Amino acid sequence: VTARHAIALAAPVGRSLPRLHLAGAAGAALLLVALTASEPPGATALLGLQLAGMTLALSLGLVLEDPAAPTLAGSPVGLLARRLLTLALCLPFLAATWAALLMLAGLDGTWALALTIQVSALAALVLALAAGLGPRASMAGPAVVLLFATARLLVPQWTLTAGSHDAHWAAAEVMWAALAAAGALALAWLSRDPATRPLLTGRRSPLAPWLRARSRGGGGRDRPRPG
Amino acid sequence: MTSVALADTAAPGIRRRRAALPPTVLALARVEGRRLLRHPFLLLGVALSLALAVAGALSNGGVQATEIAGMGSFPLAAGTLLAANAAGLRSRRDATDELYATLPRPAATRTAAQLLALAWVVPVAVALVAVMYVAFGAHDGLVVRYDGRTHLPALAELAQGPFVVVALGALGVLLARRAPSPLVAPPVVVALLALEIPLAVWGSPATARWALPFVNDAIAAPNSWVPCEPGDLVAHCNLILGFDVRGMAIHLAYLAGAAALFACGALLAGRRAVVATGALVPLLGLSLVAAGS
């Protein structure tokens, strides 16, 4: 894929983005931070900022949902390139919103860095899960919200709530950075073009007979989808 | 000619759809209930609630009292909200609304079934509380103070979790009916968390906490950090003076009223919805005032 392809595809991909949902998430995040902000920033302000970041990450779940994916699978532009273009179009908007939230909350550098790492990890996890779920990508955001909400109740010290004086602070920062990296790697792995996945579809794959049977309509019955 | 005549006589019948009949609703509710129990969000909620229960079993009595009195059911309730919302949005997501419009039963039948399906989650919520009760050894009383004072959870406290699960499930169905978008319910969970952590988890004495689904009924001395249990050295628990069980009992009535309000909002439309809301909202306000006083 060349720059010429990317430029040509930018407008149609931009039109297919869930712009209203992204704008709604940004508005909700700004409202949450505005309602909880205090001077100096207290525990409630930090919680508000954390959950605002969660709201932004949540909106990314719908970005990878592509009803036209089966049609586009045969196009010369691969899945990874299409997803990179999609993210290149929407991530700057969310990053700018997050920067505005940090300025509005008035946090110092240590907190801003830690929460930015955490929000990046949450976004990467939502995107990786959405990529893995395929047509059910919209379930990724709520699933990560549930996981984060429980973590916030279960192990608050590991969700960056106490401050740099806490014994778990440095380890928690490393953990969130590792989660961000793992999410990004999983997203890249799950965005490989389906035509170049020999492990699953190649003739030597142990799953190949089952996949061929399914493609002929003889492999298992249609199960109702969850929901 | 005969067929035309039949069609003419049938047309008014189609316009005046019969009200939802219990057998139809029950049959649909059985299907919806089974699907709700197998929904990934609900299963995730159960798993996360069990994780909270395990962590609670390893924690102090104050935390255990908070969890068994509701907060331990938070993931299950949030999962139920999301799953019920997804069930309400299913026809829209799968583009079958037009197909359903050709059926003799109105959309309210399916909504009623989705609301009734929440009854399938109640045994799960009750079982979760029972697991916590056994795991925490609550039958002997939970040690809630460093001087060894214990608290035996009251029935009203134990019932809060299942009540909230039903109320939030009804909210999920209401949101699916009145704001049919997959991006509405998840921010509601985030907003709930933003309110529950300062007002319930941190043990705020503010009266506004009674308006939330999960309420922490522990009465704590302000700004008092004490060791949690006998033998502890580090002070990181509130000094608990008692538990507002009466307030919690009134809160259950509030939750039941809220669930009824959400169900009416999902089922009814027009004048009947206004009448139901007008009757239920003052009752909810009264229960809030009574619980806070």
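Sequence order as written defines the numbering, with residues in each chain counted from 1. Think of it this way: whatever chain is written first is A, whatever ligand is written first is 1, and the rest follow in order. Where totals are concerned, whole chains, interfaces and linings use all residues; where local detail is concerned, this predicted model gives features only for residues with pLDDT of at least 70, and gives and counts side-chain atom pairs only at 80 or more. The basis for the side-chain values is all heavy atoms of the structure; hydrogens and waters are excluded.

1. Remarks on the overall build of chain B
Regarding its fold elements, chain B presents 12 helices and four strands. For chain B, the C-alpha atoms occupy an extent of roughly 90 × 35 × 30 Å along the three principal directions. The buried share among the 293 residues of chain B stands at 49%. Of the contacts made within chain B by residues no fewer than 6 positions apart, 76% connect residues no fewer than 24 positions apart. Taken as a whole, chain B presents about 13,400 Å² of accessible surface, with 69% of it coming from carbon and sulfur. Charged-residue counts in this description rest on Lys and Arg as positive and Asp and Glu as negative, His and the chain ends being excluded. For charged residues, the charge sits on one atom: NZ in Lys, CZ in Arg, CG in Asp, CD in Glu. Of note, chain B has its 21 positive side-chain charges centred 18 Å away from the centre of its 14 negative side-chain charges. By definition, any uninterrupted DSSP run of H or I lasting at least four residues is a helix, any uninterrupted run of E lasting at least two residues is a strand, and each is numbered from the N terminus. Burial classes: relative accessible area under 20% of the type maximum marks a residue as buried, over 50% as exposed, and values in between as partly exposed (1.4 Å probe, protein chains only). Working rule for contacts: check all heavy atoms of both residues, and any pair within 4.5 Å makes them a contact. Reported accessibility uses the Shrake-Rupley method at a 1.4 Å probe radius. Residues are deemed covered only where the shown protein chains occlude them.

2. Some points on the confidence of the model for chain A
Interpreting fine coordinate detail is not advised for predicted regions of low pLDDT. Residues and elements named next belong to chain A. Confidence along chain A averages 83 in pLDDT terms, with 85% of residues attaining 70 or more. At the level of individual helices and strands, chain A shows its lowest average pLDDT in helix H9 (residues 198-201), which scores 53, and its highest in helix H8 (residues 169-190), which scores 94. Under a pLDDT of 50 for its full length, residues 218-223 has, in the predicted model, three contacts with residues more than four places off or in other chains. Confidence scores labelled pLDDT are given residue by residue by the predictor and lie between 0 and 100.

3. Comments concerning H8(A)
All names here are of chain A. Over its 22 residues, H8 runs 31 Å from end to end, which matches the ideal 32 Å to within 8%, given 1.5 Å per residue. Taken as a whole, H8 has its buried residues at Trp169, Ala172, Glu173, Trp176, Ala180, Gly183 and Leu187. Angular distribution of buried residues about the axis of H8 spans 105°; they occupy a single face of the element. Facing away from the buried surface of H8 by more than 90 degrees, the exposed residues are Val174, Leu185 and Trp189. Its buried side turned inward, H8 meets helix H5 (79-105), helix H6 (109-133) and helix H7 (140-154). Expected span of a helix: the number of residues minus one, times 1.5 Å. This arc is built from the directions going out from the helix axis to the C-beta atoms.

4. Some remarks on the side chain of Thr36(A)
Residue and element names in this part refer to chain A. The residue threonine 36 is located in helix H2 (residues 19-36) in this model. For the purposes of these results, a polar contact is taken to be a pair of N or O atoms within 3.5 Å, where, inside protein, one atom must be able to donate a hydrogen and its partner to accept one; residues adjacent in sequence count only when each atom of the pair is a side-chain atom. At a separation of 2.9 Å, a polar atom in the side chain of threonine 36 contacts the main-chain carbonyl oxygen of leucine 32. For threonine 36, the residues in contact, after removing those within four places along its chain, are Thr44, Ala45 and Gly48.

5. Quick word on the packing of helix H3 (residues 43-59) of chain A against H6(A)
Residues and elements named next belong to chain A. Where H3 meets H6, the axes come as close as 9 Å, and the angle between the chain directions of the two elements is 30°. Of the possible angle classes, the one that applies to H3 and H6 is roughly parallel. The element H3 and its partner H6 pack so that their crossing is right-handed. Residues Leu46, Leu49, Gln50, Gly53, Met54, Ala57 and Leu58 of H3 touch H6, and the partners they reach there are Trp111, Leu115, Gln118, Val119, Leu122, Ala123 and Val126. Every axis in this analysis is a line fitted to C-alpha atoms, fitted for helices over the stretch in contact. Angles between the N-to-C directions lie between 0 and 180 degrees. An angle below 35 degrees is read as roughly parallel, one above 145 as roughly antiparallel, one from 65 to 115 as roughly perpendicular, and any other as oblique. Two helices crossing with the near one rotated counterclockwise from the far one by less than a right angle form a left-handed crossing, whereas a clockwise rotation gives a right-handed crossing.

6. Digging into the packing of aromatic side chains
To describe a pair of aromatic rings, one takes the distance between the centres and the angle between the planes. In summary, the pairing rule links any two rings of Phe, Tyr or Trp, Trp by its six-membered ring, whose centres are within 6.5 Å, and it sorts them by plane angle into stacked for under 30 degrees, edge-to-face for over 60 and tilted for everything else. What the rule picks out here adds up to three aromatic pairs over all chains. Between Phe148(A) and Trp176(A), the aromatic rings sit 6.2 Å apart at their centres with planes inclined by 65°, giving edge-to-face as the arrangement. Of the two residues, Phe148(A) sits in helix H7 while Trp176(A) sits in helix H8, which places them 28 residues apart along the sequence. Taking 5.7 Å as the distance between ring centres and 45° as the angle between the ring planes, the aromatic pair formed by Phe74(B) and Phe214(B) counts as tilted. Taken together, the residues span a long stretch of sequence, with Phe74(B) in helix H5 (residues 74-93) and Phe214(B) in the loop between helix H10 (185-201) and strand E3 (218-227) at a distance of 140 residues. The pair formed by Phe74(B) and Phe214(B) is uniform in burial state, with each residue classed as buried.

7. A closer look at the interface of chain B and chain A
Contact residues are listed per partner, giving 33 residues for chain B and 26 residues for chain A. Summed over both partners, the accessible area (1.4 Å probe) lost when two parts come together is defined as the buried area. Buried area between chain B and chain A, both sides added, is near 2,700 Å², and the carbon and sulfur share of it is 82%. Of all residues in chain B, the largest losses of buried area upon contact with chain A belong to Phe41(B), Leu183(B) and Val190(B), amounting jointly to 21% of the total for that side. For this document, the term salt bridge refers to a Lys or Arg side-chain nitrogen within 4 Å of an Asp or Glu carboxyl oxygen. The interface formed by chain B and chain A contains zero salt bridges. The interface formed by chain B and chain A contains zero residue pairs in polar contact (both at pLDDT 80 or more). Secondary-structure elements contributing two or more residues to the side of chain B that touches chain A are helix H3 (40-57), H5 and H10 of chain B. Residue classes follow a fixed rule: Ala, Val, Leu, Ile, Met, Phe, Trp, Tyr, Cys and Pro count as nonpolar, while Asp, Glu, Lys and Arg count as charged, and any other residue, Gly among them, counts as polar. Looking at the side of chain B that touches chain A residue by residue, the class counts come to 25 nonpolar, four polar and four charged.

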